[in-house]
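# Chains, contacts and geometry: an overview
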Amino acid sequence: MKYLRKNDCIMLGFAIILFAVLQGLITGRVLSSFWQLNLLIVGINIIMAVSLNLINGYTGQFSLGHAGFMAVGAYVGIVLTTNFHMPFAVALLAGGVAAGFLGFLIGIPTLRLRGDYLAIATLGLGEIIRVVIMNIDYVGGAAGFKGIPHHTNFAWVFFLMLFALFFIKNFVNSNHGRACLAIRENEIAAESMGVNTTKFKVMAFTIGAAFAGVAGGLFAHCFYLVSPNSFTFMQSFNYLIMVVMGGLGSITGSIAGAFVVTFISAALASWPEFRMIIYALALILLMFYRPQGLFGYMEVTNMGILRKIFRKGGRN
Amino acid sequence: MNFSKKSLKLMSVLAGTMLMGSVFAGCGDEGNADEIKIGANFERTGNVANYGQATLDGFNLAIKEINEAGGINGKKLKVVEADNKSEASEAVNAATKLISDDKVKVIVGPAVTANVIAESQVATDNKIPVIAPDATSPDVTVENGKVKPFIFRSCFIDPQQGSVMAKFAVNDLKAKTAVIYVDNSSDYSKSLGKVFKEKFEAAGGKVLMEEAFLAKDQDFKAALTKLKTANADVVFVPAYYEEVGKIVKQARELGFTQAFLGTDGWDDSKVADIAGADALNKTYFSTHYSDKDTEVKGFIDAFTKEYGHAPNVFAALGYDAGKMLADAIKRAGSDDPEKIREALEQTKDLKVGTGTITMDKNHNPIKQAVILENKNGDRVMVAKIMPDAE
Amino acid sequence: MEFTHQVLQQLVNGISLGSIYALIALGYTMIYGIIKLINFAHGDIYMVGAYIGFYAITQAKLSIVPALLLSFVVTGILGMVVEKLAYKPLRHAPRISVLITAIGVSFFLEYTSMYFVSPTPRTFPAMFGDVAINIGGIVINGQQMLILGITAILMVILTYVVHRTKTGKAMRAASFDTETAQLMGIDSDRIISITFGIGSSLAAVAGVLVGVYYNSIDPLMGIMPGLKAFVAAVLGGIGILPGAVVGGLILGIVEAFVSGFVSSTFRDAAAFAILILVLLFKPTGIFGKNTKEKV
């Protein structure tokens with residue numbers, strides 16, 4: 001354990017240096033406002049990807065409704081800041097709690113489902129959340145909620161991202177996390193070893209949803225207007241792509257996946273005709289050459305350790 | 001300690017990517033002195049790509065004509081395109097890119113109201129004027145009773161169209177009752193539905209039922225069956241052509257004999273192709289011009305020549321935006337965004353593709369509207385409404 | 001009387017809407033059945049089928065039946081090519097990677113089509129006269145009857161093929177255990193390829209018929225019907241042919257009744273809610289067998 005803590009400290013040190021460098025680039029106006037905005041989006045996408053990875057990658061529960069939880073966090077957050085003039089931190093927290101609570105409520109019945117049945121059920125839940133928001137006139141319905149104050153800045157995104165990364169890393173490495181991994185590898189075997197599978201599945205789902213809610217709050221306060229259009233199932237696919245591209249069950253992978261997807265999208269914005277075609281080809285080719293994702297199960301921080309653990313753990 | 005080396009490596013890769021990003025950003029070319037850069041932020045992918053594309057086609061035609069005629073004050077106009085994936089946050093992203101990296105002087109687009117509203121904040125912060133070609137919601141240019149200084153549009157607004165159609169229903173069609181069928185995923189449609197209801201009831205009519213569908217729906221029979229039970233005098237469907245064609249067709253099949261009323265979203269020959277001429281009889285819609293108008297013939301011919309099909313309303317409004325912009329740059333005498341903004345405000349009696357426009361104090365063009373009736377496959381103008389000074 | 005009339009009319013509306021979902025779901029469920037892949041590109045294959053039919057009718061001036069056959073064949077080949085190029089190399093990769101590839105293929109088909117045919121919708125010329133039959137005030141459309149009929153016939157043919165022919169036997173064997181089937185002398189790759197071909201051809205039939213019925217097609221027309229068809233397939237028990245049809249019809253009827261008697265704005269939410277409710281009680285769909293997983 002000592003080893004890991006030392007490791008954490010080193011990572012934290014690097015993170016702070018990285019933050020200082022990037023913040024310096026922003027304050028010094030070296031980065032144009034376009035890349036500044038994309039830096040925020042990368043950070044938010046990392047939170048989304050890593051929290052989805054907890055559900056999909058570590059616990060092995062195939063969820064396709066992540067954008068729905070993001071929407072819950074976003075809308076709770078903007079109502080609190082815009083209509084009730086609450087501080088940003090409260091709004092983010094409330095958004096996270098609301099999304100997590102919803103994840104908990106939804107998780108209990110649906111997580112009994114397996115594989116593709118769970119996938120379509122969660123996709124459906126995401127869509128139900130969106131349709132419900134679309135029908136609430138109080139939050140602007142389909143037209144979107146406008147006049148949102150611009151609270152999200154690089155510091156908020158970076159440190160919440162860091163928190164999410166460390167939280168999920170530590171969760172995965174804890175007893176609870178091990179139980180989740182056991183469920184992924186073989187649910188029946190895990191159950192017979194005394195793992196309360198429902199409890200840990202719901203726990204992972206709730207934590208994942210809560211972080212998605214926080215990410216939603218950050219996302220909403222980046223833009224002047226938020227509409228239900230931003231949380232379609234296509235968006236959930238996008239987060240899934242980030243996770244799989246990076247490697248299911250790798251936090252480093254989720255970071256890389258979020259990075260790659262966001263920057264491909266930003267870099268291709270000027271070629272509208274080919275944007276999606278190139279993106280599609282990139283996806284297909286990547287899956288050909290690295291079907292296990294960029295990082296597979298590996299982590300940058302402790303590749304040695306994880307490699308030992310998973311040398312025998314087959315790919316599913 | 002090999003792990004820290006590895007993490008160092010990753011971090012340096014990440015940092016390198018970021019730096020590259022900033023280098024790209026830094027060397028965004030400053031443009032040469034002979035051209036004026038204009039951003040075109042449109043829906044090119046995603047679910048409303050067809051509207052974004054049509055508007056851009058019209059806009060590009062206008063720019064092409066201007067450049068072929070020698071440009072403005074000796075300078076050519078250069079359009080820098082960006083895609084917003086039909087989504088508000090991406091619209092902000094694309095606008096930010098156009099402003100900060102491409103250094104455009106003015107932005108045209110997006111097509112959809114929500115995307116324009118999202119973009120308006122970035123544009124205002126950076127003092128870059130925006131012309132929204134098709135965004136008809138009043139909120140686009142006015143917020144909390146105050147005009148947004150940098151946001152303009154080149155089309156009329158929902159209240160104008162909604163009230164025109166409500167008055168037409170009451171006065172000309174002698175309608176006492178109506179049902180409204182709106183596109184729940186479009187604020188254009190919802191806001192028109194609201195205005196129509198207000199004005200129609202103020203004029204003594206009664207709205208019996210309101211139903212909604214979603215863009216890209218194919219089958220409308222369930223809701224139509226329900227609407228039919230109201231047996232109202234008119235059916236108001238403020239929506240876009242693709243769905244409208246199907247709605248009218250399926251409604252007639254279910255035995256609707258009432259008049260259908262619509263708005264400028266109907267203005268596309270596809271409505272007739274989809275619904276068929278017979279089903280379209282007894283339908284009326286408001287729009288910007290009649291294609292029989294000699295004034296707009298030039299535009300229609302030029303567009304058809306360029307793209308091989310007749311323009312729809314989006315293309316026409318995109319074209320108008322291009323003409324309006326060119327006129328403003330010309331009068332500004334420079335490519336300074338602030339000067340262009342001032343010139344846009346002073347737009348007066350400008351001849352554009354679809355008529356003549358004058359900018360009012362809320363940055364909405366004062367523009368004629370016409371009501372067309374579909375009659376045996378033809379469109380007949382039944383009324384021409386000059387804007388009143390209210 | 002008025003109410004009964006409403007209910008009956010909505011039932012007709014629902015069945016006709018559902019028959020389209022069912023038609024697309026048939027192909028979906030076949031493909032899922034054999035390689036357990038949620039083929040998200042299925043809706044886009046349906047779109048390509050519609051466009052091929054459209055160009056066959058408007059450019060090559062074919063009449064409806066040859067156009068339908070042409071689309072059937074070309075789209076079937078397209079399905080096989082997609083399988084060979086995109087999915088076959090990933091036969092032993094994690095299933096989720098194949099799923100991401102399917103999403104990639106879906107984007108690729110959508111936006112390559114959009115590049116070539118532009119995002120503007122196209123209108124199908126009217127192929128049949130509009131025959132609306134009015135029975136005691138309840139309107140039934142002739143073309144819808146046709147679609148329902150074709151769906152039923154295809155379901156029967158497919159069920160026959162799958163259960164009674166040698167190829168069908170091979171399909172079931174490959175679906176049960178690809179490797180063992182291979183050991184028994186079944187060319188699994190060929191069987192999978194054929195299944196993709198048939199599934200895609202079915203989507204093409206749906207595409208052309210829907211194009212003719214609703215008169216308009218566009219490059220993104222496959223997304224929602226594709227998703228709904230998948231819901232229908234899951235509702236009925238994915239991999240089961242009659243399940244797909246029943247699931248499609250249930251979905252259509254639920255949507256019609258929610259639109260007609262509750263509110264049309266909650267139609268899609270209700271469709272998904274029904275799906276989730278059914279899954280909670282029957283976790284593998286209505287006709288799904290609840291196989292116990294072995295340790």
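Residues numbered from 1 in each chain as written. Chains lettered and ligands numbered in written order. Predicted model: local features only at pLDDT ≥ 70, side-chain atom pairs only at ≥ 80, totals over all residues.

On a plain count of helices and strands, chain A comes out with 13 helices and two strands. Its C-alpha atoms give chain A a radius of gyration of 19 Å, near enough to 20 Å, the size a compact globule of 316 residues would have. Over its C-alpha atoms, taken along the principal directions, chain A stretches across nearly 55 × 45 × 40 Å. In chain A, buried positions account for 61% of the 316 residues. Counting contacts in chain A only where the partners sit at least 6 residues apart, residues at least 24 apart contribute 79% of the total. (Helix = DSSP H or I, 4+ residues; strand = E, 2+ residues; numbered from the N terminus. Rg over C-alpha atoms; globule rule 2.2 N^0.38 Å. Buried ≥ 20, exposed ≤ 12 C-beta atoms within 10 Å, placed from the backbone. Contact = placed C-beta atoms within 7 Å.)

In this section: the interface of chain B and chain C. Counting residues at the interface gives 29 residues for chain B and 30 residues for chain C. Counting only elements with at least two residues in the side of chain B that touches chain C, the list comes to α2 (49-68), β9 (206-213), α7 (221-230), α8 (241-253) and α9 (269-275) of chain B. Take the side of chain B that touches chain C: its biggest share by element is six residues, from α7 of chain B. Grouping the constituent residues of the side of chain B that touches chain C by class yields eight nonpolar, 11 polar and 10 charged. (Nonpolar A, V, L, I, M, F, W, Y, C, P; charged D, E, K, R; others polar.)

Glancing now at the environment of Y28 of chain C. All names here are of chain C. Secondary-structure assignment places Y28 in helix α1 (residues 2-35). The exposure class assigned to Y28 is buried, which follows from the 31 C-beta atoms found within 10 Å. In sequence terms Y28 and G197 are 169 residues apart; their C-alpha atoms lie 12 Å from each other. Once residues within four sequence positions are removed from consideration, Y28 is found in contact with N39, H42, A229, F230, A233 and A244.

This next bit is on unusual backbone geometry. All names here are of chain B. The omega torsion across G109 and P110 is -10°, close enough to zero to call that bond cis. Unusually for a residue other than glycine, K174 sits at a positive phi of about 55°. Along the chain, the position of K174 falls in the loop between α5 (158-172) and β8 (177-183).

Once that is clear, we can look at the environment of I264 of chain A. All names here are of chain A. Within the element layout of this structure, I264 appears in helix α11 (residues 251-267). On the basis of neighbour counts, which here come to 14 C-beta atoms within 10 Å, the residue I264 falls in the partly exposed class. For the pair I264 and M203, spaced 61 residues apart in sequence, the C-alpha separation works out to 33 Å. Setting aside residues no more than four positions away along its own chain, I264 makes contact with Y279 and A282.

Further remarks concern the pairing of β8 of chain B. Residue and element names in this part refer to chain B. The element β8 is largely enclosed, with a buried count of six among its seven residues. Alignment of β8 against β9, held across seven bridges, turns out to be parallel. Of the residues in β9, the one forming a bridge with V179 is M209. Between the parallel elements β8 and β9, the chain passes through helix α6 (residues 187-202) in a crossover that is right-handed. As judged from the three bridges shared by β8 and strand β10 (residues 234-237), these two strands associate in the parallel manner. Within the sheet, the bridge partner assigned to I180 lies in β10 and is F236. (Pairing = 2+ DSSP bridges. Right-handed = clockwise from strand over helix to strand, strands pointing away.)

So, about the sheet that holds strand β16 (residues 369-375) of chain B. All names here are of chain B. The mixed open sheet is built from seven strands, whose spatial order is β9-β8-β10-β11-β12-β16-β17. In the strand order of this sheet, the two ends are held by β9 and β17 (378-385), each with one partner. Sheet twist, expressed as the average angle between the axes of neighbouring strands with direction ignored, equals 20°. In the sheet, strand β12 (residues 283-287) pairs with β16 via five bridges, with the strands oriented antiparallel. Of the residues in β16, the one forming a bridge with T283 is N374. The strands touched by α6 within the sheet are β8, β9 and β10, with β8 carrying the most contacts at an inclination of about 165°. (Axes fitted to C-alpha atoms, helices over the stretch in contact; angles between N-to-C directions.)

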